[in-house]
Amino acid sequence: MWTHRHLLGIEDLSSEDIDTVLQHAEQWHALSRQTEKKASVLRGRTIINLFFEASTRTRTSFEMAAQRLGADVVNVSPALSSVTKGETLLDTAKNLEAMRADAMVVRHASSGAPAFLAKRLEHARIVNAGDGAHEHPTQALLDAFMMKREKGKLEGLVVAICGDIAHSRVARSNALLLGKKGAEVRLCAPRTLMPIAAETIGPTVKVVPRLDAAVEGADVVMMLRVQSERLAGAMMSTTREYGRTFGLNAAILARAKPDAIVMHPGPMNRGVEIDTRIADGKQSIILEQVEAGVAVRMAVLELLLTAQA
Ligand code: NCD
């Protein structure tokens, strides 16, 4: 039974909760492949996308998810709002709630911003769409949906997550989810982009500093972008040097299981963390991840807005 009013992080979800989201997403994945992609479970509800950071996939897919469930969606972009006039995050959110918004999907550069709002708003449900380097729960859920679809299970999978781990909420949420599901997680990053005590991120996490060793025998290879917007000073060598040491190419991928899948949450920097032929190659499921993102976000909105939590 779903008992959550908000989705703030994978940390708060049980293994059963994760299964519930993935199961509900199945029907929405199927619906999204039909000509008429419309359900009515959230008819009459109002959902607000409140994104304080750039986004293509996440914002658009939350918008489509809400619409496909019959809800009305309003996009608020802070650059055009009174945030630029000095209004606080809480006042902005309270004003939107006063218009009877039923849910707010929040992306913010500060870790904990969605949890902060969840504690202080009266009735609106909060969905974390990425908070700083903390969590990005719907990304991990959609990644799990695809891993399960491709591999038939999560338990026992070997998942290599490679790139800028230090700044990656995607890596954190994935490591937490995969730990709860009994998959092995190998984190690989240059030393300056690996968080201190990275092993403590998830219960099944191992730190593997070399890319070839991290990919060896893996079922899933997930590449991450270097988040230059979060880099303080020179934590990285040149882009070309980074690509040579930490970029996924055919020779490195050959070390993974022959049927390994390649994933990337986007946005990709082709030729840096991933060779363009691999990104478009037959092991890549990068666009399937994007497709699954709509279905998983439909499941999350449906559960949060219809459960008696
Ligand atoms: C990621 C994010 O914003 O955390 N993108 C996404 O949501 N798919 C990763 C990134 O920005 O590199």
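Residues numbered from 1 in each chain as written. Predicted model: local features only at pLDDT ≥ 70, side-chain atom pairs only at ≥ 80, totals over all residues. Heavy atoms only, no water.

Participant: Could you give an account of the sheet that holds strand S3 (residues 103-108), naming the residues involved and the relevant values?
Facilitator: Pairing between the strands of a sheet is mediated by backbone hydrogen bonds and can be parallel or antiparallel. The strand order S2-S1-S3-S4 describes an open sheet built from four strands, whose pairing is parallel. Every interior strand has two partners, whereas the edge strands, strand S2 (72-76) and strand S4 (125-131), have only one. Strand-to-strand twist of the sheet, defined as the mean angle between neighbouring strand axes without regard to direction, takes the value 15°. Here strand S1 (residues 46-51) runs beside S2; their pairing, made up of five bridges, is parallel. Residue pairing across strands places Thr46 opposite Asp72, the latter belonging to S2. Together, S1, S2 and S3 form the strand contacts of helix H3 (residues 89-98), whose direction differs from that of S3 by roughly 160°. (Pairing = 2+ DSSP bridges. Helix = DSSP H or I, 4+ residues; strand = E, 2+ residues; numbered from the N terminus. Axes fitted to C-alpha atoms, helices over the stretch in contact; angles between N-to-C directions. Contact = heavy atoms within 4.5 Å.)

Participant: Tell me about the site of the ligand, and name the residues and values.
Facilitator: Neighbouring residues of the ligand: Thr58, Arg107, His136, Gln139, Arg169, Val170, Arg225, Gln227, Pro265, Gly266 and Pro267. Note that an oxygen atom of the ligand is positioned 2.7 Å from one of the side-chain N or O atoms of Arg169. Here a nitrogen atom of the ligand and a backbone polar atom of Pro265 are 2.9 Å apart. Computed on the free molecule, the ligand has an accessible area of 320 Å², of which 93% lies beneath the protein chains in the complex. Residue composition of the shell around the ligand, by class: three nonpolar, five polar and three charged. (Near = heavy atom within 4 Å. Polar contact = N/O pair within 3.5 Å; in protein donor to acceptor, adjacent residues only side chain to side chain. Areas by Shrake-Rupley, 256 points an atom, 1.4 Å probe, with all protein chains shown as cover. Nonpolar A, V, L, I, M, F, W, Y, C, P; charged D, E, K, R; others polar.)

Participant: Outline the sheet that holds strand S5 (residues 158-162), supporting the account with residue identities and numerical values.
Facilitator: Taking strand neighbours across the sheet as the criterion, the five strands line up as S7-S6-S5-S8-S9 in an open arrangement whose pairing is parallel. Edge positions in the open sheet fall to strand S7 (205-207) and strand S9 (261-263), since each of these has one partner strand only. The mean inter-strand angle of the sheet, taken between neighbouring strand axes irrespective of direction, is 20°. Where strand S6 (residues 184-188) meets S7, three bridges bridge the pair, whose relative direction is parallel. Looking across to S7, one finds that Val185 is bridged to Val205. Relative to the sheet, helix H6 (residues 169-180) contacts S5, S6, S7 and strand S8 (220-223), its axis offset from that of S5 by approximately 165°.

Participant: So, the environment of Ala171: which residues are in play, and what are the values?
Facilitator: Along the chain, the position of Ala171 falls in helix H6. Residue classification places Ala171 among the buried positions, given a relative accessible area of 1%. Residues Ala171 and Val185 lie 14 residues apart in sequence; the distance between their C-alpha atoms is 9.8 Å. Dropping the residues within four chain positions of it, Ala171 is found in contact with Ile161, Ile165 and Leu224. (Buried < 20%, exposed > 50% of the residue type's maximum accessible area, 1.4 Å probe, protein only.)

Participant: An account of the pattern of salt bridges is needed here, citing residue identities and associated values.
Facilitator: According to the stated counting rule, one finds 13 salt bridges in the structure shown. A salt bridge links Glu216 to Arg255; its shortest N-O distance comes to 2.8 Å. Linking Glu216 in the loop between helix H7 (211-215) and S8 with Arg255 in the loop between helix H9 (250-253) and S9, this pair joins segments that are 39 residues apart in sequence. The partly exposed category is assigned to Glu216, whose relative accessible area is 38%. Of the charged contacts, one joins Asp275 and Arg277 as a salt bridge, the two residues approaching to 3.1 Å between their closest N and O atoms. The structure contains a network of salt bridges with shared partners spanning Glu184, Arg186 and Lys206. (Salt bridge = Lys/Arg side-chain N within 4 Å of Asp/Glu carboxyl O.)

Participant: Give a description of helix H5 (residues 137-151) that names residues and reports values.
Facilitator: In this model H5 runs 21 Å from its N-terminal to its C-terminal C-alpha over 15 residues, within 8% of the 21 Å that 1.5 Å per residue would give. In terms of burial, H5 is a largely internal element, 12 of the 15 residues being buried. Those residues of H5 lying buried are Pro137, Thr138, Gln139, Ala140, Leu141, Leu142, Asp143, Ala144, Phe145, Met146, Met147 and Lys151. Count one or two residues on from H5 and you reach Gly152, which has phi positive near 80°. (Expected span 1.5 Å × (residues − 1).)

Participant: Can you lay out helix H11 (residues 286-306) for me, pointing to particular residues and giving the numbers?
Facilitator: For H11, built from 21 residues, the straight-helix expectation of 30 Å at 1.5 Å per residue is met to within 8% by its first-to-last C-alpha distance of 31 Å. Judged by how many residues are buried, H11 sits mostly within the fold: 16 of 21 residues are covered.

Participant: Explain the pairing of S6 to me, and be specific about the residues and the numbers.
Facilitator: With four of five residues buried, S6 lies mostly within the body of the structure. Inspection of the sheet shows S5 paired to S6 by five bridges, in the parallel sense. Paired with Cys162 across the two strands is Cys188, which belongs to S6. Viewed along the sheet, the connection from S5 through H6 into S6 turns out right-handed. (Right-handed = clockwise from strand over helix to strand, strands pointing away.)

Participant: Just give me the short version of the environment of Asn269, but keep the residues and values in it.
Facilitator: Mapped onto the secondary structure, Asn269 falls in the loop between S9 and helix H10 (276-279). Sequence spacing of Asn269 and Gly243 is 26 residues, and the spatial spacing of their C-alpha atoms is 10.0 Å. Beyond its immediate stretch of four places on either side in the chain, Asn269 contacts Arg225 and Ile274.

Participant: Give a description of the side chain of Gln289 that names residues and reports values.
Facilitator: Mapped onto the elements of the fold, Gln289 is located in helix H11. Ignoring any residue separated from it by four or fewer positions in sequence, one finds Gln289 in contact with Gln139, Leu142, Asp143, Met146, Met263, His264 and Pro265.

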